[in-house]
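Topology and contacts: notes
Listed below are the residues making up each chain.
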Amino acid sequence: MHLPIERKPTEYLHKRTVLPQTSYWAKVKEKQGYKPKAFSFKLDNELSKKHPSKDDLLIIIRKTGKHGTIAYVPYGPDINLPEEEQGKFLEELSESLRPYLPSDCIFIRYDLVWPSPWQDDEDCYNESGVWLAPQRQDCRSSV
């Protein structure tokens, strides 16, 4: 199932407190040679019955060499969903964005603002408070 997606000019992203999801950030990244794209999306499926929401999203497109691009979503999407619904939402969002991305786009990277499901699990930290995710599979997100 796809989410309703609309392309919009980056200058019309709605105002946010998260700098990397603003029209200002789009201008900065464009001056650095990246291709910013802005979208509006709306939850319009099973999730919308529980979490009615519409939001904007800034995606930064970057060449990775001669043969590909990547899509990067800095600190987004900023939509509050329960952990058990996050993976499905990201899958639907990614599939919905696919037609708007370059045909040579090899992946979308999301730097999510969602808390880790293991942030309060004391077993995922060593005695110095360092998170053990790189060493322990049971402390890594499956999203």
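It should be noted that the structure appears before, not after, this text.
What comes next is a walk through the structure. Everything numeric here is computed off the predicted structure, so don't read it as measured data. (Residues numbered from 1 in each chain as written. Predicted model: local features only at pLDDT ≥ 70, side-chain atom pairs only at ≥ 80, totals over all residues. Heavy atoms only, no water.)

Moving on to the nonpolar core. Core analysis: the largest hydrophobic core is formed by 20 residues, its most contacted members being Phe41, Ile59, Phe89, Leu93 and Leu97. Every element with two or more residues in this core is listed here: strand 2 (35–42), strand 3 (54–63), strand 4 (69–73), helix 3 (83–97) and strand 5 (105–110). With four residues, helix 3 is the single largest residue contributor to this core. Look past the residues within four positions of leucine 93 in its chain and what remains in contact with it is Leu3, Ile5, Phe41, Leu57, Pro77 and Tyr110. (Core = buried A, V, L, I, M, F, W, Y, C linked by side-chain atoms within 4.5 Å. Buried < 20%, exposed > 50% of the residue type's maximum accessible area, 1.4 Å probe, protein only. Helix = DSSP H or I, 4+ residues; strand = E, 2+ residues; numbered from the N terminus. Contact = heavy atoms within 4.5 Å.)

By the definition in use, this model includes three aromatic pairs. On the basis of an interplanar angle of 65 degrees and a centroid distance of 5.3 Å, the ring pair of phenylalanine 39 and tyrosine 100 is categorised as edge-to-face. Placement of phenylalanine 39 in strand 2 and of tyrosine 100 in the loop between helix 3 and strand 5 is noted, with a sequence separation of 61 residues between them. Residue class for phenylalanine 39 comes out buried when judged on its relative accessible area of 0%. With centroids separated by 6.4 Å and ring planes inclined at 55 degrees, the aromatic side chains of phenylalanine 89 and tryptophan 114 adopt a geometry described as tilted. (Phe/Tyr/Trp six-rings, centres within 6.5 Å; stacked < 30°, edge-to-face > 60°.)

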